[in-house]
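# Reading the structure
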Amino acid sequence: MLIKKPAAIPSSEITPKTTCLNRRNFLTGAAIAGAASVTGIAFRDLAVPALTAYANTKIDGLQKSPFSTTEKETPYKDVTNYNNFYEFSTDKYEPAGLAKNFKTRPWTVTIDGDVKKKQVLDVDAIIKMAAPEERIYRHRCVEGWSIVVPWIGFSLSELIKRADPLPKAKFVEFTTLYDPQQMPGQRTGVLQWPYVEGLRMDEAMHPLALLCFGMYGEVLPNQDGAPLRIVIPWKYGFKSAKSIVRIRFTGSQPLNTWQQQAPNEYGFYSNVNPNVDHPRWSQAKERRLGEFFKRPTLMFNGYDQVASLYSGMDLKKNF
Amino acid sequence: MKLRLTKIAIFLAALVPLGRLVWKALHDGLGANPIEVITHSTGDWTLILILTTLSITPLRRITRQYWLIGVRRMIGLFAFFYGTLHFLTYIWLDKFFDVHEMMKDIAKRRFITVGFSAFVLLIPLALTSTAWSIRRLGGKNWQRLHRLIYLTGILAVVHYTWLVKADLRKPIEYGVVLGILLLYRVGVWFSEKASEKSKPPAIPTPARNPL
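These figures come from a predicted structure and were not determined experimentally.

We now examine the overall build of chain B. For chain B, the count of helices and strands is 9 helices and 0 strands. Reading chain B from its N terminus to its C terminus gives the helix and strand order α-α-α-α-α-α-α-α-α. Expressed as lengths along the three principal axes of its C-alpha atoms, the size of chain B is roughly 65 × 40 × 35 Å. Split into buried and exposed, the 211 residues of chain B put 27% on the buried side.

Here it is in structure tokens:
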């Protein structure tokens with residue numbers, strides 16, 4: 001809007017002075033009211049504890065794993081209230097609330113692509129395939145924070161062996177549920193849905209790669225990827241796909257969602273690597289949740305046993 | 001008197017975001033990653049306050065409430081205050097005063113480069129916010145210098161846009177508001193140009209408040 005010079009018509013000439021002063025009163029009042037309401041809104045959520053915590057079913061008969069770290073576990077309330085789960089929200093504090101009524105049963109997983117027998121499995125049948133282990137893993141997010149989580153599951157290789165892929169299957173692709181009704185984040189175009197991730201077959205067969213359905217002794221909370229997810233501890237967190245509905249074997253490298261989103265920033269491999277920076281920030285250090293100082297990030301997130309998977313590869317190129 | 005009251009109200013309101021952070025910090029209310037919350041919150045408020053100072057001129061002209069100019073300096077100084085807190089969280093809680101690291105970051109990461117520039121450009125404005133400075137510099141020069149706020153606003157929005165991973169909605173909202181506020185000035189500038197041409201300069205124009 002274009003406004004004439006104030007000098008041209010003094011407003012007091014056309015508006016009676018009293019009205020003018022009233023207006024000033026009104027605006028002063030409005031400013032104070034505005035300031036007060038900002039104060040009110042700001043204080044509103046101070047009183048309400050924002051944390052969501054509810055009892056989950058215990059998982060019995062857990063076996064200990066030699067892969068577990070002895071580092072201090074991140075508190076349960078942090079791992080369940082600070083989640084990158086864009087299907088629900090891009091705000092890490094929101095999935096806890098938004099996923100509260102997410103339906104994880106009935107749930108099936110389609111196994112297809114280059115396999116001997118394509119099939120649709122019930123998630124409870126998958127969970128019973130092998131004995132549940134507790135694996136305390138470091139988990140490093142590409143954003144530069146990390147946590148230590150006692151996951152529950154068994155090696156992904158257990159499922160892959162049973163799925164019986166054909167020799168031409170060189171990669172495994174994981175697809176997250178697409179259900180905008182239940183997942184409000186999918187009603188936005190923030191990412192291309194459904195979320196897709198992938199691993200090279202030898203990565204997927206590595207014993208560290210975990211097929212996960214629980215944590216902290218209990219069934220996986222919804223906001224952490226229930227009912228079934230993978231956990232790939234030597235890769236950035238986004239590689240560990242959540243709420244999986246499809247596992248497809250293929251001869252060609254899958255295009256994972258984040259690579260599709262920004263191919264110069266997120267690659268297919270996405271191994272934790274302190275020497276290869278994200279184009280916009282350093283990956284040399286990380287902040288372990290609960291700690292004040294940053295700690296150095298370790299190559300492969302400290303899981304050196306996977307190094308042989310990448311021997312001879314230029315990890316700067318294959319980031 | 002009214003202005004005084006309004007100023008006190010705005011002063012207190014502008015302290016609320018900080019008070020809230022402090023209160024939450026003392027009550028374990030900042031969530032899993034408190035430092036991230038502090039960084040984002042101080043950054044958000046810096047941008048909100050910059051946009052608020054930029055909206056004073058359009059607002060006072062449209063509503064003809066010219067006294068509004070009286071609260072602009074305080075809001076601008078609060079923008080600088082939150083910008084300083086934002087910068088401090090970066091250099092202290094992110095870089096732990098490792099100046100070498102910081103310099104590398106500023107040179108290498110464009111979102112840091114623009115964010116840092118936006119902050120540096122605020123410093124001369126804060127320093128020359130006194131009445132004495134306006135007299136010293138002269139209204140015209142002072143006004144010219146303070147137009148740097150436009151650049152700071154743009155750099156701040158770019159800084160935000162470049163740091164988000166995928167969800168651009170919030171930076172775009174800020175960008176739209178900034179765009180409207182800057183376009184208003186472009187419009188005013190053009191209309192004044194036009195009226196200067198059509199009218200003979202009969203009466204010397206009284207000193208106007210800066211845009």
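That was the structure; now back to the text.
Glancing now at the packing of helix α8 (residues 148–163) of chain B against helix α9 (residues 169–198) of chain B. Residue and element names in this part refer to chain B. Running from N to C, α8 and α9 cross one another at 160°; their axes reach a closest spacing of 9 Å. By the angle between their directions, the pair α8 and α9 is classed as roughly antiparallel. Judged by the twist between their axes, the crossing of α8 over α9 is left-handed. Residues Y150, G153, I154, V157, Y160 and T161 of α8 pack against P171, Y174, G175, L178 and L182 of α9. Here the residues of the contact of α8 with α9 are counted per class, giving 8 nonpolar, 3 polar and no charged.

What follows deals with unusual backbone geometry. Between R105 of chain A and the following residue, P106 of chain A, the backbone shows a cis peptide bond with an omega angle of -10°. With respect to the helices, strands and loops of the structure, P106 of chain A is situated in the loop between α4 (95–98) and β2 (108–113). The step from A226 of chain A to P227 of chain A runs through a cis peptide bond, and the omega angle for that step is 0°. Tracing the sequence through the fold places P227 of chain A in the loop between β9 (218–219) and β10 (229–231). A positive phi is found at R64 of chain B, a non-glycine position, where the angle reads about 60°. Mapping R64 of chain B onto the fold places it in the loop between α2 (34–63) and α3 (72–94).

Sheet strands associate in pairs through backbone hydrogen bonding, adopting either a parallel or an antiparallel arrangement. Residues and elements named next belong to chain A. Overall, mixed pairing links the 5 strands, which are arranged β3-β2-β11-β6-β7 in an open sheet. Of all strands in the sheet, those bounded by a partner on one side alone are β3 (119–122) and β7 (196–200). Ignoring which end each strand starts from, the neighbouring axes of this sheet average 20° apart. Of the strand pairs in this sheet, strand β6 (residues 171–176) and strand β11 (residues 244–250) are connected by 6 bridges, and their pairing is antiparallel. Counted as the bridge partner of V172 is F249 from β11.

On to the pairing of strand β5 (residues 145–155) of chain A, then. Residues and elements named next belong to chain A. Counting buried positions over the 11 residues of β5 gives 10, a clear majority of the element. Looking at chain direction, strand β4 (residues 133–140) and β5 are connected through 8 bridges and run antiparallel. If you follow E134 over to β5, its bridge partner there is I152. Pairing of β5 with strand β8 (residues 210–215) involves 5 bridges; the strand directions are antiparallel. Opposite S155, over in β8, you have L210 as the bridge partner.

If you look at the biggest cluster of nonpolar residues, it comprises 62 residues, and the most contacted ones within it are W151, L156, V172, A209, L210, C212 and I230 of chain A. The element that contributes the greatest number of residues to this core is β5 of chain A, accounting for 6 residues. Judged by nonpolar contacts, the second largest core, of 27 residues, contains W45, I50, Y82 and V114 of chain B.

Attention now goes to α9 of chain B. Residues and elements named next belong to chain B. With 30 residues, α9 should cover 44 Å at 1.5 Å per step; its first-to-last C-alpha distance of 43 Å lies within 8% of that length. Every buried residue of α9 is listed here: L178, L181 and Y184. Tucked inside the fold, the buried residues of α9 contact α2 and α8.

The rules we used
Residues numbered from 1 in each chain as written. Chains lettered and ligands numbered in written order. Predicted model: local features only at pLDDT ≥ 70, side-chain atom pairs only at ≥ 80, totals over all residues. Helix = DSSP H or I, 4+ residues; strand = E, 2+ residues; numbered from the N terminus. Buried ≥ 20, exposed ≤ 12 C-beta atoms within 10 Å, placed from the backbone. Axes fitted to C-alpha atoms, helices over the stretch in contact; angles between N-to-C directions. Parallel < 35°, antiparallel > 145°, perpendicular 65-115°, else oblique. Left-handed = near helix turned anticlockwise from the far one by under 90°. Contact = placed C-beta atoms within 7 Å. Nonpolar A, V, L, I, M, F, W, Y, C, P; charged D, E, K, R; others polar. Pairing = 2+ DSSP bridges. Core = buried A, V, L, I, M, F, W, Y, C linked by C-beta atoms within 7 Å. Expected span 1.5 Å × (residues − 1).

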